[in-house]
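Each chain, letter by letter, is given below.
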Amino acid sequence: SVKAAKEHFIPEDLNKVLENKVMETVSDLYHVKVSVLEMTCLGDADSEGIVSKSVSSHSDLIPGVYEGGLKIWECTFDLMDYFSEAEIEFSNKIVLDLGCGAGLLGIVALKGKAESVHFQDYNSTVIEEITLPNVVANCINEGSSGKDRKGSKPPAKRPRKGEGSPDVLTKCRFFSGEWSEVSQLLLSSNKPFSKYDIILTSETIYNPEYYSALHDTLAQLLDKNGRVYLASKVHYFGVGGGIYLFEKLIEEKNVFRTCIVKTIDQGLQRCIMEMSFK
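In this text the structure is predicted, and so the values were computed from the model without any measurement.

For the rest of this paragraph, the subject is the overall build of the chain. Per the secondary structure count, the chain includes 9 helices and 10 strands. Looking at the chain residue by residue over its 278 residues, the buried ones come to 49%. By sequence separation, contacts in the chain at least 24 residues apart represent 70% of the contacts at least 6 residues apart. If you sum the accessible surface of the chain, you get close to 13,100 Å²; carbon and sulfur atoms cover 50% of it.

A few words on the pattern of salt bridges. Evaluation of the coordinates by the stated rule reveals 12 salt bridges. For the salt bridge of Glu129 with Lys21, the shortest nitrogen-to-oxygen distance reads 2.7 Å. You can see Glu129 sitting in helix H6 (residues 124-140) and its partner Lys21 sitting in the loop between helix H1 (14-18) and strand E2 (23-26), a full 108 residues away along the chain. For Glu129, a relative accessible area of 12% puts it in the buried group. In this structure, the salt-bridge partner of Asp216 is Lys253, at a minimum N-O distance of 3.5 Å. Taken together, the positions of Asp216 in helix H8 (residues 211-221) and Lys253 in helix H9 (residues 243-253) put the pair 37 residues apart, joining distant regions of the chain. Judged by relative accessible area, Asp216 falls into the partly exposed class, the value being 34%.

One pass over the structure, following the stated rule, counts 0 disulfides. Cysteine Cys75 shares no disulfide, and the gap to the nearest cysteine sulfur, in Cys271, comes to 7.7 Å. Looking at Cys139, it has no disulfide partner, and the nearest cysteine sulfur is the one in Cys172, 5.4 Å off. For Cys139, a relative accessible area of 7% puts it in the buried group.

What follows deals with helix H7 (residues 179-188). Every buried residue of H7 is listed here: Trp179, Val182, Ser183 and Leu186. Each buried residue of H7 lies within a common arc of 95° when the element is viewed along its axis, so the set occupies one face. The elements touched by buried residues of H7 are strand E4 (94-98), strand E5 (116-121), strand E6 (172-176), strand E7 (196-202) and H8.

Within the element layout of this structure, Phe77 appears in helix H4 (residues 74-85). Taking the C-alpha atoms as reference points, Phe77 and Ala231, 154 residues apart in sequence, are found 9.3 Å from one another.

This part is about the packing of H4 against helix H5 (residues 104-111). In the contact formed by H4 and H5, the axes pass within 10 Å of each other and the chain directions differ by 20°. By the criterion of interaxial angle, the relationship of H4 to H5 is roughly parallel. The crossing of H4 and H5 is right-handed. On H5, the residues touching Thr76, Phe77, Leu79, Met80 and Phe83 of H4 are Leu104, Leu105 and Val108.

With that settled, the discussion passes to the nonpolar core. Among the nonpolar cores identified, the biggest contains 47 residues, and Leu70, Leu79, Phe90, Val95, Phe119, Val135 and Leu200 are the most heavily contacted of them. At 8 residues, the largest contribution of residues to this core is made by H6. Not counting chain neighbours up to four residues away, the residues in contact with Val135 comprise Ile107, Leu110, Phe119, Leu169, Cys172 and Phe174. By size, the runner-up hydrophobic cluster in this structure holds 29 residues, among which are Leu98, Tyr210, Leu214 and Cys271.

Judged by its relative accessible area of 12%, Lys21 falls in the buried class. Of the polar contacts made by the side chain of Lys21, one reaches the side chain of Glu129; its length is 2.7 Å.

What the 8 strands build is an open sheet, ordered E1-E6-E5-E4-E7-E8-E10-E9; its pairing is mixed. Because the sheet does not close on itself, it has two edges, and the strands there are strand E1 (6-8) and strand E9 (256-264). Strand-to-strand, the axes of this sheet are offset by a mean angle of 20°, without reference to chain direction. Of the strands in this sheet, E4, E5, E6 and E7 are in contact with H5, which crosses E5 at around 175°. In the packing of H7 onto the sheet, contacts are made with E1, E4, E5, E6 and E7, and the angle to E6 comes to roughly 135°.

Backbone phi values are negative for most residues with the exception of glycine, while trans is the configuration of most peptide bonds. Unusually for a residue other than glycine, Ser27 sits at a positive phi of about 45°. Structurally, the position occupied by Ser27 is in the loop between E2 and strand E3 (29-32). Judged by relative accessible area, Ser27 falls into the partly exposed class, the value being 48%. In this structure, Asp28 is a non-glycine residue whose phi angle is positive, near 70°. Classification of Asp28 as partly exposed rests on a relative accessible area of 42%.

Calculation criteria
Residues numbered from 1 in each chain as written. Predicted model: local features only at pLDDT ≥ 70, side-chain atom pairs only at ≥ 80, totals over all residues. Heavy atoms only, no water. Helix = DSSP H or I, 4+ residues; strand = E, 2+ residues; numbered from the N terminus. Buried < 20%, exposed > 50% of the residue type's maximum accessible area, 1.4 Å probe, protein only. Contact = heavy atoms within 4.5 Å. Areas by Shrake-Rupley, 256 points an atom, 1.4 Å probe, with all protein chains shown as cover. Salt bridge = Lys/Arg side-chain N within 4 Å of Asp/Glu carboxyl O. Disulfide = S-S within 2.5 Å. Arc of directions from axis to C-beta. Axes fitted to C-alpha atoms, helices over the stretch in contact; angles between N-to-C directions. Parallel < 35°, antiparallel > 145°, perpendicular 65-115°, else oblique. Left-handed = near helix turned anticlockwise from the far one by under 90°. Core = buried A, V, L, I, M, F, W, Y, C linked by side-chain atoms within 4.5 Å. Polar contact = N/O pair within 3.5 Å; in protein donor to acceptor, adjacent residues only side chain to side chain. Pairing = 2+ DSSP bridges.

What follows is the structure, encoded as structure tokens:
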């Protein structure tokens, strides 16, 4: 059964989003502490049941049920490092964080003054319980300086009544569901839709069964002059995916040109690939 696409909206009361959330910081960004979420997110908060399934099966992936979004995978940090090394410009760009999980890549784009950032994850629970709170926590604390930000809990300060949500949040949209469904929702919507200048995606090519859907989604949603930055392990043991296998599919389809812009050799070999239309 195909997981239908759904758009998730930011509640007007931002306190609701951060209720019961304990935050940690990594690379100067706030993110929900998942171990606490695992204890509190039972029952109604998790309509998909992915938290309990992931905990009880000790698994970071249950294909077609839970696709890894509760965990921040290491290639996310590789890609964030690459943004600063390569001085990737997000200013005024329309950005998609595809398979976003915690949403850290999209949050970095927001902080880089992107014009708009859309976040997509397979699981609605991930969007509601992790991505949305992370984006809100990082946006409402924009004003605070690095020194005050070391605490593990974001200030529960709400924007004053009259202000609604901070301006940054109006640049964001959030989607859950399968890639093909999400692109269909965007392309067929009566809301005006501009294709993305930059699509960011990390650790999304572990399962070769998803390659075609991922490739077609990128082809449908990327602007003709756009760029995809994809971070991946060179090989995913157990699931069988990896960068060379994905490159092979890209070559066969003959739509994109690819370039490995960085290889990381510590631990499991990882790399960053840039894609653009031929």
